[in-house]
Amino acid sequence: MERNREPGRSVAAALVAARASQTHAPRQPLASTRDHNARTPNNPTQQPTANSRHMTSAIELRHISHAFGGGAVSVLEDVTVTAEPGQFVSLVGPSGCGKSTLLRVLAGLLVPSAGDALVDGQDVRGRPGAVAYMPQKDLLFPWRRALANATVGAEIAGQSKHDARERARALFPRFGLAGFERAWPVQLSGGMRQRLALLRTFLVPRDVLLLDEPFGALDAINRREMHRWLQEVWAADQRTVLFVTHDVEEALVLSDAVYVMTARPGRIQARVDVPFPRPRVPSLVTDPAFVALKAQLLTELDRGMPPA
Ligand SMILES: Nc1ncnc2c1ncn2[C@@H]1O[C@H](COP(=O)(O)OP(=O)(O)OP(=O)(O)O)[C@@H](O)[C@H]1O
Ligand SMILES: [Mg+2]
């Protein structure tokens, strides 16, 4: 069978990311709360003080700028994004504004031209392994069955194959994949593939999840179903999530805060807190307060576009 080498290369990059922290005691995925006394990737012995327990943001991107092509193509300009422990934060912005580039910085896979990138207070620039990262493409290995695809990240993060498989097997029903453990990726629907890629990301024992347009390929009906489901899965352990989407409504339904980016070079146009109580029901999208906030975000997006 001709193997698809592009996913192999990209997954390898993400997996090398996890490898950097192989020596740490693996954390249980889907644990009930964050453990701030946990060792962190760049300082395995760190024990936060009582104060830092409350002061350290889970994610801090400060004044990030980046240019490709030896400085010729400016992609990000002075971008600051933060998320507190357990928050669900989204980035919305036009295509090409640098959302994926920003996630790659936080994943330690790309060193920015300027600025700081911190996870739990630790510098992650060029140091992969601090986060669980789901790239924009699902990047499933076509030659691995669903269960073996699900465990790849956890195994490379240092968990035994046996333990990773046991934990993955237990999560298949929650991710709507019960009975498909032995399926090949080609036998799964688009939604199932994306749930499998999400399951793989959730299995990586890290407190911070970076999800790059996980529902980008789905139609509106499937998306709504996935929103309901993702909220349930996230509510079960409330890890910190940085979520990228083009879709303002999706961002509002899922998030505690939404950052709106301008067109390239991406800057932060606005940060909007989302006050709606959880769990958020589907009818929320017709609530006048929701509609007003959506209009505000769309206005900010328009403001961030270049003049016609
Ligand atoms: N490795 C690279 N080398 C050169 N240019 C790059 C590289 N990666 C991204 N770019 C450029 O940087 C810009 C931002 O890309 P990025 O993928 O971060 O955008 P995005 O906001 O995620 O877009 P989309 O919403 O379409 O996924 C684009 O103009 C892209 O062509
Ligand atoms: Mg992208």
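Let me begin by describing the structure that accompanies this report.

**Observations regarding helix 3 (residues 99-106)**
Turning to step 1, where the next piece is worked out: The element helix 3 is extensively covered by neighbouring structure, given that 7 of its 8 residues are classed as buried.
Turning to step 2, where the next piece is worked out: Turning to helix 3, its buried residues number three or more, namely Lys99, Thr101, Leu102, Leu103, Arg104, Val105 and Leu106.
Turning to step 3, where the next piece is worked out: Positive phi appears at Gly108, one or two residues downstream of helix 3, with a value of about 80°.

**Describing the site of ligand 1**
Turning to step 1, where the next piece is worked out: For ligand 1, the set of nearby residues contains 14 residues, the closest of which are Phe68, Ser95, Lys99, Ser100 and Thr101.
Turning to step 2, where the next piece is worked out: For the shell around ligand 1, the leading source of residues is helix 3, giving 3 residues.
Turning to step 3, where the next piece is worked out: Partitioned by chemical class, the residues of the shell around ligand 1 number 4 nonpolar, 8 polar and 2 charged.

**Notes on the pairing of strand 7 (residues 208-212)**
Turning to step 1, where the next piece is worked out: Among the 5 residues of strand 7, 5 are classified as buried, and the element is accordingly described as predominantly covered.
Turning to step 2, where the next piece is worked out: Residue alternation in strand 7 divides its side chains into two sets, Val208, Leu210 and Asp212 and Leu209 and Leu211, and both sets are buried.
Turning to step 3, where the next piece is worked out: Relative to strand 7, strand 6 (residues 132-134) runs parallel, the two being bridged by 3 bridges. Paired with Ala132 across the strands is Leu209, a residue of strand 7.
Turning to step 4, where the next piece is worked out: Pairing between strand 7 and strand 8 (residues 240-245): 5 bridges, direction parallel.

**Things to note about the sheet that holds strand 6**
Turning to step 1, where the next piece is worked out: Across the sheet, which stays open at both edges, the 6 strands sit in the order 6-7-8-3-9-10 with mixed pairing between neighbours. At either margin of the open sheet sits one strand with a lone partner, and together these are strand 6 and strand 10 (268-273). Each neighbouring strand pair of the sheet contributes to a mean axis angle of 15°, computed without reference to strand direction.

**Let's talk about the sheet that holds strand 5 (residues 122-123)**
Turning to step 1, where the next piece is worked out: Pairing is antiparallel across the open sheet formed by 4 strands, whose spatial order is 2-1-4-5. Here the strands that pair on one side only, and so sit at the sheet edges, are strand 2 (73-83) and strand 5.
Turning to step 2, where the next piece is worked out: Across the face of the sheet, helix 3 comes into contact with strand 1 (59-68), strand 2 and strand 4 (114-119) while running at roughly 120° to strand 1.

**Section: the environment of Gly121**
Turning to step 1, where the next piece is worked out: One can find Gly121 in the loop between strand 4 and strand 5.
Turning to step 2, where the next piece is worked out: Taking the number of C-beta atoms within 10 Å as the measure of exposure, Gly121 has 17 and is therefore partly exposed.
Turning to step 3, where the next piece is worked out: Placed 62 residues apart in sequence, Gly121 and Ile59 show a C-alpha to C-alpha distance of 7.9 Å.

**Comments concerning the nonpolar core**
Turning to step 1, where the next piece is worked out: Core analysis: the largest hydrophobic core is formed by 73 residues, its most contacted members being Leu106, Val131, Leu210 and Leu242.
Turning to step 2, where the next piece is worked out: Per-element tally for this core: the top contributor is helix 7 (residues 190-203), with 6 residues.

**Notes on the pairing of strand 10**
Successive side chains on a regular strand alternate, one facing one side of the sheet and the next facing the other.
Turning to step 1, where the next piece is worked out: Sheet analysis places strand 9 (residues 257-261) next to strand 10, joined by 5 bridges and oriented antiparallel. Bridge pairing in strand 10 places Val258 opposite Val272.
Turning to step 2, where the next piece is worked out: The antiparallel pairing of strand 9 with strand 10 creates a hairpin that spans 6 residues between the two strands.

What counts and what doesn't
- Residues numbered from 1 in each chain as written.
- Chains lettered and ligands numbered in written order.
- Predicted model: local features only at pLDDT ≥ 70, side-chain atom pairs only at ≥ 80, totals over all residues.
- Buried ≥ 20, exposed ≤ 12 C-beta atoms within 10 Å, placed from the backbone.
- Helix = DSSP H or I, 4+ residues; strand = E, 2+ residues; numbered from the N terminus.
- Near = placed C-beta within 6 Å.
- Nonpolar A, V, L, I, M, F, W, Y, C, P; charged D, E, K, R; others polar.
- Pairing = 2+ DSSP bridges.
- Axes fitted to C-alpha atoms, helices over the stretch in contact; angles between N-to-C directions.
- Contact = placed C-beta atoms within 7 Å.
- Core = buried A, V, L, I, M, F, W, Y, C linked by C-beta atoms within 7 Å.

Worth remembering: the numbers are spatial, not functional.
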